[in-house]
Amino acid sequence: MDKKIIVANWKMNPASVGDAVALARKIERAAAAHLRAEVVVAPPAVFLTPVARVLKKAALGAQNVFWEQAGPYTGEMSPAQMKNIGVSHVIVGHSERRENLGETDEMVHRKIAAVAGAGMAAILCIGERHRAGADMPAEVGAQLKGALSGLKKSFVKNVIVCYEPVWAISTTFGARPATADDALRAAVYVRKIIGAVFGPAAGRTARVIYGGSVNAKNVASFLGLGGMDGALVGSASLDEKELSAIVRRAAAEK
Ligand code: PGA
């Protein structure tokens, strides 16, 4: 049985390198105490190197990457550069980037191919914008196909799909977490699409996680679902106690 994966997405927090390193140390302690969970810490890019120095059991994640390996791309960072400083996971296609920076499925596709090509794992975020059951298959299906169609089949194992409905992200106005039923329905659908594009075995073995207002209280309801491999945690990942409790819970899952 694979370990459950907990991804701490710090977004554009905290404000200082000192705070980032202090928080990373605490999360590392939780990861070392609960080796049955796989923990990924994704700080802002400016803090990747200092955070890398304190992580041993927890893995280092980036929140973004560019798809080219080198060249005239002001402000961007390549997969090879990321890997060189110890990054093993890259969050790709987060709804905040799609919304604020115009990231398209085509860009997301290129990033995933580049990340997988560099031997890292891409955490592909997808999810419908509004809470209306009917939107999920259409939006999630289009995002998934746009991001994954044409990807080398051997790269699919490098993709972790995070179902993260925008309406459930804690900073969305009026947010509330998805129900376990919502998450399960989406996870089943994600596997079905991956199975249709890359074959049934790929659909079965794909790693699918949930994101959106995950906290220590509700994480068990998601991790306990058959076929749910973990969680992407935003706000609660900035609170050492919350995240430690989430990691403990993930390690206890069979
Ligand atoms: P949240 O954020 O846990 O604060 O809802 C999750 C995310 O957007 O990655």
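Just so you know, the residues in each chain are numbered from 1, in the order the chain's sequence is written. The predicted nature of this model means local features are confined to residues of pLDDT at least 70 and side-chain atom pairs, given and counted, to a pLDDT of 80 or more, with totals for whole chains, interfaces and linings taken over all residues. Side-chain numbers here rest on the full set of heavy atoms in the structure, without hydrogens or water.

K.L.:
Hey, could you go over the side chain of R191 for me, with residue numbers and the actual values?
P.N.:
Note that R191 resides in helix α7 (residues 180-198). On the basis of relative accessibility, which here comes to 16%, the residue R191 falls in the buried class. Contacts were defined at the residue level, with two residues in contact if any of their heavy atoms lie within 4.5 Å. With near-sequence residues (within four places) excluded, R191 lies in contact with G203, R204, T205, A206, V208, G227 and D229. What counts as a helix is a DSSP run of H or I of at least four residues, what counts as a strand is a run of E of at least two, and both are numbered from the N terminus. Summary of the burial criterion: residues with accessible area below 20% of their type's maximum are buried, those above 50% are exposed, and those between are partly exposed, where the area comes from a 1.4 Å probe applied to protein chains only.

K.L.:
Account for the site of the ligand, naming residues and giving values.
P.N.:
Proximity is defined per residue: if any heavy atom of the residue lies within 4 Å of a molecule or strand, that residue is considered near it. Looking at the ligand, the residues that line it are N9, K11, H94, E164, I169, S170, G212, S213, L232, V233, G234 and S235. N or O atoms within 3.5 Å of each other form a polar contact, as long as, within protein, one can give a hydrogen and the other can take it, and as long as residues adjacent in sequence are counted only when both atoms are side-chain atoms. Residue N9 places a side-chain N or O atom 3.1 Å away from an oxygen atom belonging to the ligand. Accessible areas in this description were obtained via Shrake-Rupley with a 1.4 Å probe; residue shielding takes into account the shown protein chains only. Compared with its free state, where it exposes 280 Å², the ligand has 99% of that area covered by protein. The residue makeup of the shell around the ligand, split by class, is three nonpolar, seven polar and two charged. Only Asp, Glu, Lys and Arg are considered charged in this grouping, and only Ala, Val, Leu, Ile, Met, Phe, Trp, Tyr, Cys and Pro are considered nonpolar; every other residue, Gly among them, is considered polar.

K.L.:
Go over the pattern of salt bridges with me, naming the residues and quoting the values.
P.N.:
Definition used for salt bridges: Asp or Glu carboxyl oxygen within 4 Å of a side-chain nitrogen of Lys or Arg. In the structure shown here, the tally under the stated rule is ten salt bridges. K111 is the partner of E103 in a salt bridge, and the nearest nitrogen-oxygen pair spans 2.8 Å. A single burial state applies to E103 and to K111, both of which are buried. It is possible to trace a salt-bridge network through shared partners that takes in R97, E103 and K111.

K.L.:
Break down the environment of A32 for me, with residues and values.
P.N.:
Topologically, A32 is positioned in helix α1 (residues 17-33). According to the relative accessible area criterion, A32 is partly exposed, its value standing at 38%. Each C-alpha atom of the pair A32 and T104 lies 37 Å from the other, and the pair is 72 residues apart in sequence.

K.L.:
Any chance you could break down a positive patch on the surface for me, citing the residues and the numbers?
P.N.:
Among the surface-exposed residues, R25, K26, R29, K56 and K241 lie close enough to one another that they form a single positively charged patch. Top contributing element to the positive patch by residue count: α1, with three residues. By secondary structure assignment, the location of K26 is in helix α1. Residues form patches when they are more than 30% accessible in relative terms and have no salt bridge. Like charges link within 9 Å. Nonpolar side chains (Val, Leu, Ile, Met, Phe, Trp, Tyr) link within 5 Å. Residues scored as positive are Lys and Arg, those scored as negative are Asp and Glu, and His as well as the terminal groups of each chain are ignored. Charged side chains are reduced to one point each, which is NZ for Lys, CZ for Arg, CG for Asp and CD for Glu.

K.L.:
How would you summarise the sheet that holds strand β5 (residues 121-126) if you had to cite specific residues and measurements?
P.N.:
Whether two strands pair comes down to DSSP finding at least two bridges between them. Read around the barrel, eight strands follow the order β1-β2-β3-β4-β5-β6-β7-β8 and close on themselves; strand pairing throughout is parallel. Pairs of neighbouring strands in the sheet enclose a mean axial angle of 25°, with direction left out of account. Sheet analysis places β5 next to strand β6 (residues 159-163), joined by five bridges and oriented parallel. When the sheet's bridge partners are listed, L124 is paired in β6 with V161. Helix axes use the C-alpha atoms of the stretch in contact, all axes being lines fitted to C-alpha atoms, and the angles between their N-to-C directions lie in the range 0 to 180 degrees. Each of β1 (4-9), β2 (37-42) and β8 (230-233) is contacted by helix α10 (residues 240-252), which is oriented at about 165° to β1, the strand it contacts most.

K.L.:
Residues and numbers for the packing of helix α5 (residues 105-117) against helix α6 (residues 135-148), please.
P.N.:
A pair of packed helices can be characterised by two numbers: the angle between their axes and the separation between those axes. At a minimum axis separation of 7 Å, α5 and α6 run at an interaxial angle of 45°. The pairing of α5 with α6 is recorded here as oblique in orientation. The element α5 and its partner α6 pack so that their crossing is right-handed. Residue-level contacts link D105, V108, H109 and I112 of α5 to A142, Q143, G146, A147 and L148 of α6. Residues of the contact of α5 with α6, tallied by class, amount to five nonpolar, three polar and one charged. Between 65 and 115 degrees an angle is taken as roughly perpendicular, under 35 as roughly parallel, over 145 as roughly antiparallel, and anywhere else as oblique. Should the near helix be turned anticlockwise from the far one by less than a right angle, the crossing is termed left-handed; should it be turned clockwise, right-handed.

K.L.:
How would you summarise the pairing of β2 if you had to cite specific residues and measurements?
P.N.:
β2 sits mainly inside the fold: five of its six residues count as buried. Taken together, the six bridges between β1 and β2 define a ladder with parallel strand orientation. Looking at the pairing, I5 lines up with E38 of β2. Clockwise travel from the first strand over the helix to the second, with the strands pointing away from the viewer, marks a crossover as right-handed. With α1 bridging β1 and the parallel β2, this β-α-β connection has right-handed handedness. Read as a crossover between parallel neighbours, the route from β2 over helix α2 (residues 48-54) to strand β3 (residues 59-62) is right-handed.

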